[in-house]
Structures are given as C-alpha cells and as structure tokens.
Amino acid sequence: MIITMKKTANHAEIDKIMTTFKNQGLQVHESIGENYRIFGLVGDTSKVDPKRLEANPLVEDVVRVSSPYKKVSRMFHPEDTIVEVNGIKIGGKEKIVVIGGPCSVEGEDMVVNIAKEVKDAGACMLRGGAYKPRTSPYAFQGMGTDGILALAEARKQTGLPIVTELMSADKLDEFIEHVDIIQIGARNMQNFELLKAVGRTKKPILLKRGLANTIEEWLMSAEYILAEGNPNVILCERGIRTFEKYTRNTLDLSVVPIIKKKTHLPIIIDPSHATGDWELVEPASLAAIAAGADGLIIEVHDQPECAWSDGAQSLKPKHFKELIKKCSKIANVIGRDM
Ligand code: PEP
Ligand code: MN
C-alpha cells in the first residue's frame, strides 16, 4: 500500500501514524519528494482501511498495490482449487460439469422426472429452488422443506447430486443434512452473516455474482467464506444489470479469464438468468465453454409455458440435450471434456 502525505504534515504527526503500522508488523519505507512524502507499507495490509486513512486531513492519497482478498487470490495459492462433490470434480483443467433442472421445485414427481431427463441428456447434477428469492411477496415463494425432500428423492432415484439455494441461516441444518451444493443467490451475495454461516461448514458453496457487483466485491464475498475455514467455493456468473433491456441481464464473459487469473477458484456460468431467454441459452453456453468456464448451470422444464417461475428462460429437455452435445464439441476443441 502506498500512502502519500501532504507536505504540511509535520514529522511528529507522520511518526505517530507510521508507528501504528509498525506495531501491526508492517514495514514502512519512506521516500521524500518535492511536494509530498510517500510511504510504502509492506506486509499483510488486509486490515488497513484505505478510506479511514484518507479521512485524515494530512493524507493526500492512498493506493492499494495488492488485492484486498488474500485466501481467494492466486498469488497466495497458485494451484487450481478443485471442488469435489460425490466424486464429481469442479475446476481443474479437464472435465466441464453441467448442472440442469427447474428454476423451482414444483412437486416430487415433477422434479424426479426432470432429474431423469437431465441425466439422460448428460447433466451430472440437478438444480432446483425450494426457497425462492422473488421480487414480489405475492409470487410463488418455493416449496420449502417439501421441496428439499423432493430433491433428495430425485437424487435417490438418479444418483445426481443436488444444488439448491439457501436464503437464511436458520435453514442451514436442513441444507447440511440434505443438500450437496449450497447455492448463495445473487441477491444474497453480500449477506455477510449468511456467508460467514456457510463458511463455518465444509459444504461446497455455489456463490453467484450479485446483480450489480464488481469482480472485487464478488471475490471479497468469497473471501468471507474462505476466511471462516471453508475452501470449497465455486463462483457463478449469472449476468449483471446494465442499461441493456433486451436481455434480462448482461452476461459478462470477460470475468472467466479474469477470475482464472485473479483466483484459484472454479467458475461456472448460468446462461439462463444471464439472458432470460431460452433461445439465447445455447449460444451463451457455447461462448462460456469457449471462454474457459468450468461448468454450466441451466434451467430445464418439461413445459416451460406452465413453469411456476422463469419459464421464458427454461429449456425443454430435448434442447438441453442438443446444447450439451454442441458444448462438448467446443470443450474438445479447447482440450477439455464434458
Ligand atoms: C436461481 O438460480 O433460480 C436464482 C434465483 O438465481 P440468481 O440468484 O442468479 O437470480
Ligand atoms: Mn430461476
């Protein structure tokens, strides 16, 4: 971190500030310019708050050199993290995973049927929401515990691990008992108490990017989970909000190589929420695989026109099957498998 002090700051005042840094175990290097005195802090500056420093009238400017996240940073952990779920590996250089299933669980028979269809199409995991974050309080809120149990039944019948969203820490025990991957949805990406709670488990966590969050904010949220001791985080880009209204969100595919460079965590793409339109799901998926994503999570429904949520972006099983076939060709081109 580089701190530029104003020329008007006297020695005693500067010494007082720098002593607090030295007491925190940081090295302080000084260089004196014509108009400013510049200090470089070397060591773990993650606990130094640049905004608080800038509030000091003697401080001209503060610039962070290293990232504020440490545990998720590739600099401190050069090897790829591979998250393993019932023998399925997410991350690394080889296999690309596909997760398919309905937006919402609408009943046991319904989710068991879709589970069989997505498995037949080539998916290796089942998704389905039991607790739904809906914009309207009058919209379907999810089947709750019954939905979780229906997913568990679908896993029993197909062997597919299940991914579902946790919205509140008071349901954590239920998720630890029944769920294979806990999804933290876009709206809860910065629910820090929820992040800490899942960080205290060892469950794999699918952390979606918030609707309007920067990459750094997203990685700081992942840092919350790792900082509590859970290294099993999978990032998921699901589109961000921009001025563009033609699509539900704007799929930010540039994050794939950026995430790969900045972190060691796996990243998957959700083309369903990113586009909001089933006809755009396939091209977005092909592009995601080409960009280096470690997997896809896609909404699939037998009768999208009757879906209780997100029908417009849900693929019919036969389209889902075609999509996986095409994606696996792209995967082969870039030296991976599906
Ligand atoms: C979902 O996966 O159904 C969902 C609500 O996703 P997101 O949090 O990305 O909107
Ligand atoms: Mn959905």
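Our subject is the structure listed above.
Only a predicted model underlies this, so the values are computations on that prediction, with no experimental measurement involved.

Each value, and the rule that gives it
- Residues numbered from 1 in each chain as written.
- Chains lettered and ligands numbered in written order.
- Predicted model: local features only at pLDDT ≥ 70, side-chain atom pairs only at ≥ 80, totals over all residues.
- Heavy atoms only, no water.
- Phe/Tyr/Trp six-rings, centres within 6.5 Å; stacked < 30°, edge-to-face > 60°.
- Helix = DSSP H or I, 4+ residues; strand = E, 2+ residues; numbered from the N terminus.
- Buried < 20%, exposed > 50% of the residue type's maximum accessible area, 1.4 Å probe, protein only.
- Near = heavy atom within 4 Å.
- Polar contact = N/O pair within 3.5 Å; in protein donor to acceptor, adjacent residues only side chain to side chain.
- Areas by Shrake-Rupley, 256 points an atom, 1.4 Å probe, with all protein chains shown as cover.
- 1 Å grid on protein atoms, 1.4 Å probe; cavity = no way out; pocket = protein on both sides within 12 Å on 5 of 7 lines; lining within 4 Å.
- Sits in = over half its atoms within 2 Å of the grid points.
- Nonpolar A, V, L, I, M, F, W, Y, C, P; charged D, E, K, R; others polar.
- Pairing = 2+ DSSP bridges.
- Axes fitted to C-alpha atoms, helices over the stretch in contact; angles between N-to-C directions.
- Contact = heavy atoms within 4.5 Å.

In this structure, what is going on with the packing of aromatic side chains? I would like to understand it.
Centre-to-centre distance and the angle between the planes together describe a pair of aromatic rings. Here the structure, examined in full by the defined rule, presents three aromatic pairs. Ring plane angle 85° and centroid distance 5.0 Å describe the contact between Phe140 and Trp308, whose orientation is recorded as edge-to-face. Note that Phe140 is positioned in the loop between strand 8 (125-127) and helix 4 (145-158) and Trp308 in the loop between strand 14 (295-299) and helix 11 (317-333), a separation of 168 residues in sequence. Judged by relative accessible area, Phe140 falls into the partly exposed class, the value being 25%. Ring centres 4.6 Å apart and planes at 25° place the aromatic pair Phe192 and Tyr224 in the stacked group. Here the residue Phe192 occupies a position in helix 6 (residues 192-199), and Tyr224 occupies one in helix 7 (residues 215-227), the gap between them amounting to 32 residues. Judged by relative accessible area, which is 31%, Phe192 ranks as partly exposed.

How should I be thinking about the site of ligand 1 in this particular structure?
Close contacts around ligand 1 come from 13 residues, with Arg127, Ala186, Arg187, Lys208 and Arg238 the closest. Measuring from an oxygen atom of ligand 1, one finds a side-chain N or O atom of Lys132 at 2.9 Å. Gln183 is positioned such that a nitrogen or oxygen atom in its side chain is 3.0 Å from an oxygen atom of ligand 1. The fraction of the free accessible surface of ligand 1 (290 Å²) that becomes covered by protein chains is 97%. Spatially, ligand 1 is embedded in the largest pocket. Per-class residue counts for the shell around ligand 1 are three nonpolar, three polar and seven charged.

I would appreciate a short explanation of the sheet that holds strand 3 (residues 36-42) in the present structure.
Pairing between sheet strands relies on hydrogen bonds along the backbone, with the strands arranged either parallel or antiparallel. Across the sheet, which stays open at both edges, the four strands sit in the order 2-3-1-4 with antiparallel pairing between neighbours. This sheet does not close on itself; its edge strands, each paired only once, are strand 2 (27-32) and strand 4 (59-63). Going across the sheet, the axis of each strand differs from the next one's by a mean of 20°, ignoring polarity. Alignment of strand 1 (residues 2-6) against strand 4, held across four bridges, turns out to be antiparallel. Note on strand 4: the bridge partner recorded for Thr4 is Asp61. Where helix 1 (residues 11-23) meets the sheet, it contacts strand 1, strand 2 and strand 3, and its direction lies at approximately 10° from that of strand 3.

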